[in-house]
Amino acid sequence: GGKSYYEGWFNNAPNNAKLALYSTYEGSNCAFQGLLDQAGGDLERFHRLAEQKAGLKNAERKLWLHHSCGASATPGNP
């Protein structure tokens, strides 16, 4: 009854190689981990936050995606 964004991907069992690709994609794993932390582990909230980030202008989105793991969120724009 939910959205099927990843249905095709999960039709073929995920494996470590596939998961590693997502974990290292352009160094953005820290950005997404930060969103997950901000969402308190709530995946619905995480997806809403990710959709907001998708609406950023290209340069802003790239800057957000490539922030270092130790970097804090930009005030007003986590």
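Up top is the structure these notes are about.
In what follows, the accompanying structure is described. Being a predicted model, the structure only gives us computed values, none of them experimental.

Cut-offs used in this document
Residues numbered from 1 in each chain as written. Predicted model: local features only at pLDDT ≥ 70, side-chain atom pairs only at ≥ 80, totals over all residues. Heavy atoms only, no water. Helix = DSSP H or I, 4+ residues; strand = E, 2+ residues; numbered from the N terminus. Buried < 20%, exposed > 50% of the residue type's maximum accessible area, 1.4 Å probe, protein only. Contact = heavy atoms within 4.5 Å. Areas by Shrake-Rupley, 256 points an atom, 1.4 Å probe, with all protein chains shown as cover. Core = buried A, V, L, I, M, F, W, Y, C linked by side-chain atoms within 4.5 Å. Axes fitted to C-alpha atoms, helices over the stretch in contact; angles between N-to-C directions. Parallel < 35°, antiparallel > 145°, perpendicular 65-115°, else oblique. Left-handed = near helix turned anticlockwise from the far one by under 90°. Nonpolar A, V, L, I, M, F, W, Y, C, P; charged D, E, K, R; others polar. Phe/Tyr/Trp six-rings, centres within 6.5 Å; stacked < 30°, edge-to-face > 60°.

This brings us to the overall build of the chain. Check the secondary structure of the chain and you find 5 helices and 0 strands. Beginning at the N terminus, the succession of helices and strands in the chain can be written as α-α-α-α-α. Per-residue burial over the chain gives 15% buried out of 78 residues. Intrachain contacts of the chain at a sequence separation of at least 6 include 41% that bridge at least 24 residues. In the structure as shown, the chain presents an accessible area of about 6,100 Å², 55% of it carried by carbon and sulfur atoms.

Counting residues in each nonpolar core, the largest one holds 9 residues, listed as Ala31, Leu35, Ala39, Phe46, Leu49, Ala50, Leu56, Trp64 and Leu65. Within the residue set of this core, elements represented by two or more residues are helix H3 (29-38), helix H4 (43-54) and helix H5 (58-65). A per-element tally of this core places H4 first, with 3 residues. Filtering out sequence-adjacent residues up to four positions away, Leu49 remains in contact with Leu35, Gln38 and Ala39.

In contact at an axis separation of 8 Å, H3 and H4 are set at 130 degrees when each is read in the N-to-C sense. On the basis of their axis angle, the class for H3 and H4 is oblique. The chirality of how H3 crosses H4 is right-handed. Across from Phe32, Leu35, Leu36 and Gln38 in H3, the residues of H4 making contact are Leu43, Arg45, Phe46, Leu49, Ala50 and Lys53. Here the residues of the contact of H3 with H4 are counted per class, giving 7 nonpolar, 1 polar and 2 charged.

Let us now look at the packing of aromatic side chains. How two aromatic rings sit relative to each other is set out by the distance from centre to centre and by the angle between their planes. Taken as a whole and judged by the stated rule, the model has 2 aromatic pairs. Ring geometry for Phe32 and Trp64: centres 5.3 Å apart, planes at 80 degrees, overall edge-to-face. Highlighted residues: Phe32 in helix H3 and Trp64 in helix H5, separated in sequence by 32 residues. When its relative accessible area of 32% is taken as the criterion, Phe32 is described as partly exposed. Taken together, the ring pairs in this structure connect Phe32, Phe46 and Trp64 into an aromatic cluster.

Another aspect to go through is the environment of Gly34. Mapping Gly34 onto the fold places it in helix H3. Owing to a relative accessible area of 33%, Gly34 belongs among the partly exposed residues under this scheme. The sequence separation of Gly34 and Phe46 amounts to 12 residues, and the corresponding C-alpha distance is 9.6 Å.

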